[in-house]
Structures are given as structure tokens and as C-alpha cells.
Amino acid sequence: MIDDKYLALMHQELDGEITSAEKTALDQYLAGNAEAAQYYKDLKAVISNLEEMPLEAAPSGLKDKIMDGLPVETYQKADNELKMPAASDIWRTGWVFAAGLAAGLFAWGVFGNLFPVDDRNRQLQGNLPGAQAEQGLSGSQLAIDLPQVRGFAQLEQRGEARILSLYLDGEGTVEVTAFNPDGATMRHFAQEQGADLQLSSQGGKVHFFHQGRNQYILSFDSESRMEKGVELTLHLDGKVAFRQTVPVN
Amino acid sequence: MTELTDLEIVEQCLDGNIRVFGVLVDRYQNVLFTAALRMVNDRQDAEDIVQTAFTKAFEKLENYNAKYKFFSWLYRITINESLNFIKRRKRQEPLDEPVVSGQQSPEDFLGENERKENLQQALMQLKPDYRAVIVLRHFEQHSYQEMGEMLNIPEKTVKSRLFSARQLLREILIKNGVIVHD
């Protein structure tokens with residue numbers, strides 16, 4: 001026969017939720033009651049058996065199913081703003097044309113200011129993918145050569161800014177992080193093609209996701225010292241696949 | 001370089017960076033799948049539950065309270081989704097009769113797979129509410145208070161369910177030869 005009071009104390013002890021006074025009382029009780037001691041031993045065995053059960057690996061396609069099934073419209077405010085009430089095809093075409101025109105003007109305004117035609121963007125033409133393929137890597141360029149992704153990265157002083165050029169070409173989604181240990185903040189960002197890029201920048205760290213083939217141009221704060229270069233990390237399937245420092249040229 | 005925290009990822013999602021949600025999926029899919037599997041004992045059902053849990057979490061990101069750990073919030077959604085799934089399944093079809101083997105002698109040796117299967121079957125013989133507290137306590141080490149918040153029940157009820165669940169498991173595991181007395 002086991003006293004209910006001590007039965008409860010056994011459970012509390014196993015959960016680490018017992019006071020020292022209660023523990024002393026329980027120990028004394030167990031020392032004088034073989035049935036209770038055996039019961040306590042059984043409970044410990046139950047718990048150790050449960051906690052030794054292994055972690056199961058999720059099915060390999062689960063992540064894709066989850067990501068494909070997300071109601072992405074929930075947080076894509078820009079897309080929602082373009083939604084319009086039912087209208088005739090003529091009106092719909094007009095709306096689309098107007099939206100396209102507005103987007104074009106916006107992009108011209110933004111990137112025209114960030115990268116004036118006679119400034120950085122033009123200076124970087126020599127690093128664009130076409131030219132890259134013809135010229136091969138120069139000594140100051142860091143090669144990225146993974147089974148899934150290839151490309152290069154280069155950090156240069158351009159006028160008043162330090163520019164990180166990054167070209168990636170591969171399959172699947174690559175999580176990219178560029179980090180300057182000196183703490184320089186990234187001021188501007190542009191990509192050569194594609195319009196579906198989401199980007200975050202905090203302090204000296206830039207983080208975004210890449211798919212397919214693209215060229216990225218990141219401009220870091222010109223007033224900061226960047227002696228340590230930029231640490232570039234590529235994650236594939238949640239694991240670090242590439243991590244190297246791109247030195248200042 | 002530090003990895004993005006859960007909170008940073010949530011903030012990015014709310015800003016429209018949907019793809020970064022994949023980092024959370026990578027981070028937690030195995031542990032959530034394991035929890036769901038322990039609850040329903042079917043890989044396909046567990047997969048569906050985890051998918052639903054992530055989708056619901058995504059839809060409710062704006063309601064996430066940063067004073068709680070994101071993982072705990074996600075785990076809570078998964079456990080509750082598992083309980084809802086069990087309720088729906090119960091309405092649709094009767095559960096299989098629990099498989100309990102007869103009393104085994106100490107000479108019977110249980111291999112690792114058999115032991116794991118026995119434990120899973122023992123879990124399935126518990127009422128879902130009991131199973132939930134066992135999963136929360138012994139697979140993720142949640143405190144009584146956390147379990148109470150997650151399941152929306154008083155701490156006293158948590159203790160009572162946990163104690164009863166462990167006593168039942170003890171009896172089942174002795175019957176099935178997983179726990180053997182000298």
C-alpha cells in the first residue's frame with residue numbers, strides 16, 4: 001500500500017518540482033517501504049524509456065509542401081494593393097498598364113538616384129555575368145564553386161563607396177548573408193535582373209534569398225573602415241555550404 | 001556571424017519576406033513532426049498536422065506575443081492541432097483496438113525497434129489529453145505552468161493528468177515486458 005501523499009511526491013521529484021523538505025520526507029518513506037521503492041523505480045524507468053525515444057526526421061518533401069502551401073498574400077501588401085474589383089477586360093488592361101507604368105517610374109526614380117547612370121552601375125559593367133564568362137575570374141575575385149551554385153564575389157572601392165558584386169547561378173534556394181565585421185552599414189542595394197527579391201539589412205549584415213541566376217550589387221557605407229572585408233555565407237537546405245571572407249580589393 | 005533569431009524571422013515575414021519562413025521550417029520541422037507522430041502514430045497524418053500547424057502559425061504571425069518563446073508557441077499549435085485531428089478522426093471512424101500483448105517473462109528480450117514500437121503503442125492507449133501532457137513534459141521538458149498555458153488548463157489539472165498518465169504507462173509497460181522487475 002502506497003500513501004497518496006508520497007505517490008504525488010514521487011512524481012514531483014521526477015519533474016524536479018519538489019522542495020528539499022519534501023525530498024527528505026520522500027527518501028525516508030522510500031527507505032522504509034519496499035513496495036513504494038519499487039513503484040518509484042518503475043516510474044523512473046517509464047520516464048527514461050520515454051525520453052530515450054529518438055527524434056524522428058520529417059519527410060524530405062515536407063518543407064516544400066509547407067512553403068508551397070503558405071497563404072503568401074497574407075503579408076504581401078504590395079500585391080494586395082494591385083488587386084482591383086471585377087471589371088471588364090478593357091478596364092483591367094488599363095489598370096495593369098497604369099500599374100506597370102507607375103512601377104517603372106518608381107524603379108527609375110529609386111535606382112536612378114541610388115545608382116546614377118554615370119556612376120557606380122556603369123562602373124560595374126565589367127563585372128556583369130556576360131563579361132565574367134568571357135574574362136574569367138580576376139585575382140581579386142572570390143570563386144564560389146559548389147555542386148548546386150557557382151559564381152563569384154568581389155569587393156571594390158568605387159568612388160566614395162565600397163561595392164560588393166555578387167554573381168550567383170544555381171539551382172534551388174540559397175540563403176545569402178553578407179556581413180562586415182567592421183560594422184559598416186549597407187546603404188544601397190540593387191540587383192541586375194529579377195524583381196522578386198526581399199531584403200533585410202541590419203547594421204553590417206545583409207540577408208536575402210537567391211534563386212536561379214542573378215547579379216547583386218551592394219554598396220557599403222563609405223565612411224566606415226572595412227579592413228576585414230565582407231564575410232559571405234551561403235546556406236543550402238538550412239546548412240552552411242560556403243563561408244569565406246571577400247577581401248577589400 | 002550570428003544566425004537570425006526566431007523573432008527576427010517573424011519580423012521579416014511580417015514585412016513581406018515570406019521565404020525566410022523556410023528557416024523556421026528547417027529549424028523546427030523534425031521536432032514538431034516527432035511530437036505529432038507521438039500523438040497520432042501515423043507518419044502521413046503527422047506530416048499533415050505539421051503542415052497545418054506551420055500554415056496556421058504563419059497566418060497568425062501578427063498575433064504572436066514575443067514575450068513567449070516562438071518555439072513554444074509553435075509547439076502549442078502543433079499539439080492542439082494533433083488533439084483536434086484525433087477528435088475529428090474519432091468522429092469519422094472508430095480507433096483500432098489497442099494492441100496489448102500478454103504478460104511477458106523477464107527472459108523475453110525486447111530489441112530497440114520493438115521497444116520503441118511498444119512505447120508508441122503504450123502512448124496510443126492513453127487518452128489524447130494524457131498523451132499530450134506526456135509529450136509536452138517528456139519530449140520537450142515543459143514545466144507544469146507552461147503546459148497549463150499551452151493546453152489552457154489549470155496547473156493542478158496538468159499535474160493530475162501527468163501523474164495518472166505515468167501510472168497507466170507503468171502498468172502497460174510492465175504488461176508488455178518493457179519494464180521488467182528483478
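Residues numbered from 1 in each chain as written. Chains lettered and ligands numbered in written order. Predicted model: local features only at pLDDT ≥ 70, side-chain atom pairs only at ≥ 80, totals over all residues. Heavy atoms only, no water.

1. Remarks on the overall build of chain B
Here comes step 1: Of the regular secondary structure elements, chain B holds eight helices and zero strands.
Here comes step 2: Shown N-terminal to C-terminal, the secondary structure of chain B runs as helices and strands in the order α-α-α-α-α-α-α-α.
Here comes step 3: Looking at chain B as a whole, 53% of its 182 residues qualify as buried.
Here comes step 4: In the form shown here, chain B has an accessible surface area of approximately 8900 Å², with 45% of it arising from carbon and sulfur atoms. (Helix = DSSP H or I, 4+ residues; strand = E, 2+ residues; numbered from the N terminus. Buried < 20%, exposed > 50% of the residue type's maximum accessible area, 1.4 Å probe, protein only. Areas by Shrake-Rupley, 256 points an atom, 1.4 Å probe, with all protein chains shown as cover.)

2. A word on the interface of chain A and chain B
Where interface size is given, it is often the accessible area lost as the parts come together that is meant.
Here comes step 1: Taken together, the contact between chain A and chain B spans 54 residues of the former and 63 residues of the latter.
Here comes step 2: Interface area, chain A with chain B, both sides summed: about 5300 Å², of which 59% is carbon and sulfur.
Here comes step 3: The largest per-residue losses of area from chain A upon contact with chain B belong to A:Met53, A:Glu56 and A:Tyr75, which jointly make up 15% of the total buried on that side.
Here comes step 4: Our enumeration of links across chain A and chain B arrives at eight salt bridges.
Here comes step 5: A salt bridge links A:Asp15 to B:Arg137; the nearest nitrogen and oxygen atoms lie 3.1 Å apart. (Contact = heavy atoms within 4.5 Å. Buried area = accessible area lost by both parts, 1.4 Å probe. Salt bridge = Lys/Arg side-chain N within 4 Å of Asp/Glu carboxyl O.)

3. Looking at the nonpolar core
Here comes step 1: Of all hydrophobic cores here, the largest spans 74 residues; its most connected members are B:Phe21, B:Tyr75 and B:Ile79.
Here comes step 2: Two domains share this core, each providing at least three of its residues, namely domain 1 (1-95) and domain 2 (102-182) of chain B.
Here comes step 3: Formed by 22 residues, the second largest nonpolar core is a distinct cluster that contains A:Val149, A:Leu164, A:Phe208 and A:Leu218. (Core = buried A, V, L, I, M, F, W, Y, C linked by side-chain atoms within 4.5 Å. Domains from an automatic or database assignment.)

4. Digging into the packing of helix H5 (residues 112-124) of chain B against helix H8 (residues 155-175) of chain B
Residue and element names in this part refer to chain B.
Here comes step 1: Two elements in contact, H5 and H8, have axes separated by 10 Å at closest approach and are oriented at 135°. When the axis of H5 is compared with that of H8, the two are oblique. Pair H5 / H8 crosses with right-handed handedness. Residues Leu-119, Ala-122 and Leu-123 of H5 touch H8, and the partners they reach there are Leu-169, Ile-172 and Leu-173.
Here comes step 2: Of the residues contributing to the contact of H5 with H8, the split by class is six nonpolar, no polar and no charged. (Axes fitted to C-alpha atoms, helices over the stretch in contact; angles between N-to-C directions. Parallel < 35°, antiparallel > 145°, perpendicular 65-115°, else oblique. Left-handed = near helix turned anticlockwise from the far one by under 90°. Nonpolar A, V, L, I, M, F, W, Y, C, P; charged D, E, K, R; others polar.)

5. Re helix H7 (residues 144-151) of chain B
Residue and element names in this part refer to chain B.
Here comes step 1: When H7 is considered as a whole, its buried residues turn out to be Tyr-144, Met-147, Gly-148, Met-150 and Leu-151. Angular distribution of buried residues about the axis of H7 spans 165°; they occupy a single face of the element.
Here comes step 2: One or two residues past the end of H7 sits Asn-152, with phi positive at roughly 60°. (Arc of directions from axis to C-beta.)

6. Quick notes on the packing of aromatic side chains
Here comes step 1: Per the counting criterion, the structure on display carries nine aromatic pairs over all chains.
Here comes step 2: Between A:Tyr6 and A:Tyr29, the aromatic rings sit 4.0 Å apart at their centres with planes inclined by 5°, giving stacked as the arrangement. A residue pair is termed long-range when its members are at least 10 positions apart, and A:Tyr6 in helix H1 (residues 4-14) and A:Tyr29 in helix H2 (residues 20-31) qualify at 23 residues.
Here comes step 3: Look at A:Tyr6 and you get buried, because its relative accessible area is 15%.
Here comes step 4: On the basis of an interplanar angle of 80° and a centroid distance of 5.1 Å, the ring pair of B:Phe21 and B:Phe58 is categorised as edge-to-face. Linking B:Phe21 in helix H2 (residues 21-40) with B:Phe58 in helix H3 (residues 43-59), this pair joins segments that are 37 residues apart in sequence.
Here comes step 5: Judged by relative accessible area, B:Phe21 falls into the buried class, the value being 0%.
Here comes step 6: According to the relative accessible area criterion, B:Phe58 is buried, its value standing at 0%.
Here comes step 7: Here a set of aromatic residues connected by ring pairs shows up, and it is made of B:Phe21, B:Phe54 and B:Phe58.
Here comes step 8: Over the ring of B:Tyr130 we find B:Lys127; its NZ or CZ atom is 4.8 Å from the centre of that ring. (Phe/Tyr/Trp six-rings, centres within 6.5 Å; stacked < 30°, edge-to-face > 60°. Lys NZ or Arg CZ within 6 Å of the ring centre and 35° of its normal.)

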